[in-house]
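# Fold and geometry: a report
Below are the chains, spelled out letter by letter.
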Amino acid sequence: GIALGYRAYIIKIDAEKNIIVAGKEKELYSSNLIAKDLNFLSIDFPKRRLVVKTKIRYNHQEVKSLLIPIDKKRVRVEFEIPQRAVAPGQSAVFYDRDIVLGGGIIQKND
């Protein structure tokens, strides 16, 4: 029920403060994310940067990205091309060709 003069999208939900942030479609795109609660299946926890493909939703096309270890519990993922609707709480899965390397839960996006 708000008139902004343009189509608005939900950009962020802050449940603790009971706030919903609306914005333009371009604000839905993120160039990176932080993932936590990681589980690596095919490799040990990476100690250095890796070029991977990352999938952020079930029917999302994998995108080339750089996986950067932050500490023993989190990684930063930098997308080659900004991705639409990277949402905290969703899963991020990392691939090397068709091999699942591992994944985690999206903590935040930028």
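See the structure above.
Moving on: the nonpolar core. Counting 16 residues, the largest nonpolar core has L33, L67, V77, F79 and F94 as its most contacted members. In contact with L67, not counting residues within four places along its chain, are F40, P46, R48, R49, L50, V52, V75, R76, V77 and F94.

Applying the stated criterion across every chain yields a total of 5 salt bridges. Ionic pairing is found between E25 and R84, a salt bridge with its closest N-O pair at 3.5 Å. Within this pair, whereas E25 is found in the loop between strand 2 (19-23) and strand 3 (29-40), its partner R84 is found in strand 6 (residues 75-84), the two being separated by 59 residues in sequence. According to the relative accessible area criterion, R84 is partly exposed, its value standing at 33%. E80 serves as the salt-bridge partner of K64, at 3.9 Å between the closest nitrogen and oxygen. Taken together, the residues K64 in strand 5 (residues 63-69) and E80 in strand 6 connect sequence positions 16 residues apart. A residue is classified by how much of its surface remains accessible, and E80, at 54% relative accessible area, is exposed.

Okay, the packing of aromatic side chains next. This model, assessed by the stated rule, comprises 2 aromatic pairs. When the centroid spacing of 5.5 Å and the interplanar angle of 85° are considered together, the rings of F40 and F45 count as edge-to-face. F40 gets classed as buried once you look at its relative accessible area, which sits at 15%. Under the relative-accessibility criterion, F45 is labelled partly exposed at 23%.

Quick look at the side chain of N32 now. Tracing the backbone shows N32 in strand 3. In this structure N32 comes out as buried when scored by relative accessible area, which is 6%. In terms of polar contacts, N32 uses its side chain to reach the side chain of S31, at 3.3 Å. A distance of 3.5 Å separates the side chain of N32 from the side chain of R76, its partner in a polar contact.

The rules behind these values
- Residues numbered from 1 in each chain as written.
- Predicted model: local features only at pLDDT ≥ 70, side-chain atom pairs only at ≥ 80, totals over all residues.
- Heavy atoms only, no water.
- Core = buried A, V, L, I, M, F, W, Y, C linked by side-chain atoms within 4.5 Å.
- Buried < 20%, exposed > 50% of the residue type's maximum accessible area, 1.4 Å probe, protein only.
- Contact = heavy atoms within 4.5 Å.
- Salt bridge = Lys/Arg side-chain N within 4 Å of Asp/Glu carboxyl O.
- Helix = DSSP H or I, 4+ residues; strand = E, 2+ residues; numbered from the N terminus.
- Phe/Tyr/Trp six-rings, centres within 6.5 Å; stacked < 30°, edge-to-face > 60°.
- Polar contact = N/O pair within 3.5 Å; in protein donor to acceptor, adjacent residues only side chain to side chain.

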